[in-house]
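# Summary of structural features
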2 protein chains.
Amino acid sequence: MKRKIYMAAGANTISMGTGRKEFNPRKERPGLEHYISTAGQASLAQISNPELIDEVYVGNFMAGRFNRQGHLGGFAATINPTLEYKPSMRVEGACGSGGLALISAIRSVLSETSSVALALGVEVQNTVKAIYGADILATAGWSKKRKEGHAYFFPGQFSDRAGVYYEKYGYDYARKGMGRWFRNAIDNARLDPTAQEYHNDTADLEEAYHQAVPNGKFFVDHLNFFDCSKVSDGASAILVTSEEGLAQLGISKKDAVEVVGFAQLTRNITNDPPNPVEMTTVGKAAAKALEDAGITIDQVGTAEVHDCFSIAGILTVEALGLAAQGEGAAWVAEGNTARDGKLPINTTGGLIGWGHPTGATGVHQAVTIWQQLTGKAGAAQVSLNPERPYGLTINMGGDDVTVVAIVYKRAD
Amino acid sequence: MKRKIYMAAGANTISMGTGRKEFNPRKERPGLEHYISTAGQASLAQISNPELIDEVYVGNFMAGRFNRQGHLGGFAATINPTLEYKPSMRVEGACGSGGLALISAIRSVLSETSSVALALGVEVQNTVKAIYGADILATAGWSKKRKEGHAYFFPGQFSDRAGVYYEKYGYDYARKGMGRWFRNAIDNARLDPTAQEYHNDTADLEEAYHQAVPNGKFFVDHLNFFDCSKVSDGASAILVTSEEGLAQLGISKKDAVEVVGFAQLTRNITNDPPNPVEMTTVGKAAAKALEDAGITIDQVGTAEVHDCFSIAGILTVEALGLAAQGEGAAWVAEGNTARDGKLPINTTGGLIGWGHPTGATGVHQAVTIWQQLTGKAGAAQVSLNPERPYGLTINMGGDDVTVVAIVYKRAD
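Remember, it's a predicted structure, so these values are computed and weren't measured experimentally.

This part covers the packing of aromatic side chains. What the rule picks out here adds up to 18 aromatic pairs over all chains. Each member of the aromatic cluster is reached from another via a ring pair, and the members are A:Phe153, A:Phe154, A:Phe158 and A:Phe309. Here the basic side chain of A:Lys284 rests over the ring of B:Tyr85, its NZ or CZ set 4.7 Å away from the ring centre.

The biggest cluster of nonpolar side chains holds 128 residues, and the ones touching the most others in it are A:Met7 and B:Met7. Sequence-distant contacts of A:Met7, defined by excluding residues within four places in its chain, comprise A:Leu102, A:Ile106, A:Ile238, A:Leu239, A:Val240, A:Ala256, A:Val257, A:Val259, A:Ala366, A:Trp370, A:Ile406 and A:Tyr408.

With that settled, consider the relation of the copies chain A and chain B. In screw terms, the move from chain A to chain B is a rotation of 180° and a rise of 0.0 Å along the axis, fitting with an RMSD of 0.0 Å. On this basis, the relationship between the two copies can be described by a two-fold rotation axis. Considering only C-alpha atoms, the part of chain A nearest the rotation axis is A:Ser111, at 1.8 Å.

In this section: the pairing of strand S6 (residues 256–266) of chain B. Residues and elements named next belong to chain B. Summarising burial for S6: 11 of the 11 residues are buried, a large majority. Where strand S1 (residues 5–12) meets S6, four bridges bridge the pair, whose relative direction is antiparallel. Following the sheet pairing, Ala 8 is matched in S6 by Ala 256. Where S6 meets strand S9 (residues 402–410), nine bridges bridge the pair, whose relative direction is antiparallel. Each residue of the ladder has a partner; that of Glu 258, found in S9, is Lys 409.

With their axes 5 Å apart at the nearest point, helix H4 (residues 97–110) of chain B and helix H15 (residues 361–374) of chain B run at an angle of 65° to one another. Each of B:Gly98, B:Gly99 and B:Leu102 in H4(B) lies in contact with H15(B), whose residues at this interface are B:Gly362, B:Val363 and B:Ala366.

Rules of the game
- Residues numbered from 1 in each chain as written.
- Chains lettered and ligands numbered in written order.
- Predicted model: local features only at pLDDT ≥ 70, side-chain atom pairs only at ≥ 80, totals over all residues.
- Heavy atoms only, no water.
- Phe/Tyr/Trp six-rings, centres within 6.5 Å; stacked < 30°, edge-to-face > 60°.
- Lys NZ or Arg CZ within 6 Å of the ring centre and 35° of its normal.
- Core = buried A, V, L, I, M, F, W, Y, C linked by side-chain atoms within 4.5 Å.
- Buried < 20%, exposed > 50% of the residue type's maximum accessible area, 1.4 Å probe, protein only.
- Contact = heavy atoms within 4.5 Å.
- Least-squares fit on C-alpha atoms with pLDDT ≥ 70 in both.
- Helix = DSSP H or I, 4+ residues; strand = E, 2+ residues; numbered from the N terminus.
- Pairing = 2+ DSSP bridges.
- Axes fitted to C-alpha atoms, helices over the stretch in contact; angles between N-to-C directions.

As C-alpha cells, then:
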C-alpha cells in the first residue's frame with residue numbers, strides 16, 4: 001500500500017427479517033431511508049467532527065426493484081447535513097456491492113482526493129414476497145442464461161454445486177460439514193444483538209438442520225432452508241481513512257484497523273463457473289489480497305466469508321487453502337471454523353446467522369472484523385491467537401463472479 | 001492533480017431510438033450485451049495491447065428494470081478475454097452514472113492501483129413503452145416525493161422549472177432561447193453519424209419547435225416534445241490512463257486529452273432544488289472543477305452540458321456564469337452556444353440531438369470533447385479558438401442532484 005489506510009467507527013443496524021421477534025410481515029416497516037440514516041448516524045456518532053468526511057460510497061444491489069429507488073448517493077446528506085454538496089455515489093456488484101463500497105473508498109483515499117470516506121451498504125428486501133425477491137436477486141446472474149433455470153435461480157446455482165460435491169465426495173460426509181456450518185452460524189448470531197438469528201433458541205441445531213426436510217423434499221434439489229442465507233433489511237457503515245484523516249478525527253489507533261492488502265476480481269458473468277466444486281474467483285482474490293499484504297492464510301486469526309449458502313462456506317474454506325479440495329466439509333465438521341476453533345469464521349453469524357441484506361453484507365463483514373480486532377465485539381468477541389493477528393473478509397457478487405478480498409490488522 | 005491523467009481511444013455506438021431510420025419499435029433489437037461489447041471493442045480496436053487495461057468501470061442507471069439485469073461489471077470480459085479476473089464494477093448516480101464511471105477511473109489511476117482503466121457507460125431503454133420508461137427513470141428522484149407528482153415525473157420537474165422561468169423572465173423570451181437550443185442540437189446531430197437525430201431533415205427547426213403543440217397542448221405543462229432529450233439505446237467507452245499508461249499503450253499525446261480538473265458533488269435528493277430557476281449543484285461543481293484546473297470559464301473552448309431538457313441547457317449556461325440569471329435564454333438565442341458561436345456547446349447534438357442513453361451520456365460527453373480537442377470529430381469538428389484551449393463536461397443525475405464536472409485540454 002502506497003499510503004496507510006485505516007477503518008474505524010463501524011456500525012450496523014439490526015438485520016431485520018424472519019427470525020427477529022420484532023419482525024411482522026403484515027406490518028409496515030422502516031424503508032431504505034431509515035436504514036441509510038440509522039447506520040450512517042451510528043457511525044458518525046463515534047466521531048465529533050463529521051465535517052471531516054470528504055465523501056460517501058453506498059453499496060446497494062437492487063433498490064431499483066425492491067424499493068423503486070435509484071440514485072442512492074443522493075441520500076448521503078440525510079445522514080448528516082455536512083455531507084451536502086460532497087461526492088457521493090452508489091456502487092453495485094450484486095451481493096458484492098458492499099465490498100465494492102469499501103474498495104472504492106480505499107482507492108479514493110489512496111488517490112489522495114479524500115482523507116476520510118464513509119462506506120455504507122444497504123438493502124431492504126422484505127418489501128416483496130420471497131418468490132418475487134428471488135426473481136430480483138436473479139439479476140445477479142446473466143438474465144439470458146436464466147430463462148431455462150430454476151424458479152429460485154440463485155439457490156439453484158448453489159444447489160447444483162452442492163449436488164456435484166455430494167456425488168464426488170459423499171452425501172453424508174458433505175451434509176455433516178454443512179450442518180456444522182449452520183450450527184456455527186446460529187451459535188455466533190446468538191451472541192450479537194443485531195443478528196437476525198439472535199433470538200434463535202433451537203436446542204440442537206445440527207439435529208434440526210438434518211431433519212429440515214419438510215414433506216420429504218428439500219427447498220431446492222440439494223439444499224434445505226437452513227443451507228440458505230436470510231432475506232434481510234439492514235445497513236452497515238464504516239469510515240475509511242488515511243493516517244492523517246484518522247488523527248484529525250481524533251480516533252486512537254487502538255480503535256482502528258489498518259487495511260494491509262486488498263483484491264477485487266470479476267469473472268465473465270456469461271460463463272458457467274469453470275469448476276462446480278471450486279470457488280475459483282474467491283480463491284484468486286484471496287490469494288492476491290494475502291500476497292498484497294505479504295502474509296499467508298496461516299497468519300489470519302479471524303475471517304468473514306460469503307456464506308450465501310452453506311455449500312459456499314465449505315467451498316470457500318477450500319478456496320482459501322485451509323483444506324484440500326473435497327476436505328473442506330471435514331475441516332468444518334471438526335470445528336476448525338467455530339469460535340473456539342483454529343480459525344474462527346463468521347463470528348457474528350455470517351450471512352446465514354447474522355443475515356444477508358445483500359448490498360450491506362460486504363460492509364457488515366468489515367465491521368465485524370473491525371470489532372474483533374479492536375476488542376469491541378461484546379459477547380461475540382473471540383480471543384485471537386497472537387500469532388495470527390490478521391483479519392480477512394471475502395465478499396462475493398453473483399455465483400463467484402465479483403469478489404472483493406480485504407486483509408486487516410489491528411492498527412496499534 | 002497529483003499525477004497526470006489522460007483520456008484516449010473514445011468510442012460510441014449509434015444512439016438508437018426514434019429518429020434513427022434503422023429503428024423499428026416492432027422488431028427485436030440488440031440488447032445490453034451488444035452495446036457493452038460494441039462500445040468496448042471499438043475503444044480497444046484503437047490500441048494493440050488490451051492486456052494493459054487494469055480495470056473496468058461501467059456506468060449504468062437502471063438495467064435492473066429496463067433489462068432485468070444487474071451486476072454489469074460481470075460483462076467486462078465479454079469485451080475482451082484479457083479483462084477476465086480483473087476488477088470491474090458498475091457505478092450509478094441516475095443519468096450521472098457515466099460521469100461517475102469517468103470519476104471512478106480517474107480516482108483509481110490517481111491511486112496508482114491502476115495505470116489504464118476502461119470507463120464505459122451503457123443504457124438500453126427501448127425495451128419498454130415510454131410511459132413505463134418514465135416510471136423507471138423516475139427512480140432518479142426520491143420515490144416518496146413522487147407519489148403526488150406528474151405521471152412523467154422527470155419531465156414534470158423540469159417543466160416546473162420552465163414555468164417559473166417563463167413567469168419571471170417572460171414566456172416568449174424564454175421560448176426563443178429554448179427553440180434556438182433545440183435548433184443547435186439538431187444542427188449538430190446532423191453532422192455525427194452516430195447521433196439519433198442524424199437523419200433529421202426538418203427545414204426550419206425553430207419554426208417546427210414553436211409549432212410543436214399537438215391539439216393545443218404541450219407534452220407536460222410547460223415543455224413540448226422538442227424540449228426533451230431522447231429515449232435511447234447506446235453505449236460509449238474511453239480509456240483513462242496515467243502518463244506511463246498512455247506511453248505503454250503507444251498512444252501519442254496528440255491523440256489524447258489531459259484531465260486537468262474535476263469535481264463531483266451531490267445534493268440531498270429528499271429536498272426540492274433550492275431555487276427553481278437555478279442549477280445550483282451544476283454551478284458549484286463547474287466552479288470547483290474550473291478552480292481545480294486553475295482556469296476560468298473564459299478559457300473553455302467547447303463544452304458538453306446535460307440538456308436532458310432545453311430549459312436545463314439554458315439554466316446551465318447561467319450556472320456556468322456565461323450569462324447572468326435570466327439572461328441565459330438571450331445568450332443562447334444570440335447564437336453564442338452554436339457551433340460557430342463564442343462557446344460551442346454540445347457539438348455532436350447533446351442529449352436532445354445525439355441522444356440520451358442515460359448511463360452512457362457522461363461517457364459520451366467525454367468522447368465528444370476528446371474528439372473535438374484532438375481533431376477527430378469529422379464533419380462535427382469545430383475550430384477552437386487558440387485562446388480557449390480547454391474542454392468541459394457537465395454530467396447530471398436526477399434534478400441537479402449528482403453532478404460530475406471535468407476539465408480537459410489537448411495533451412500535446
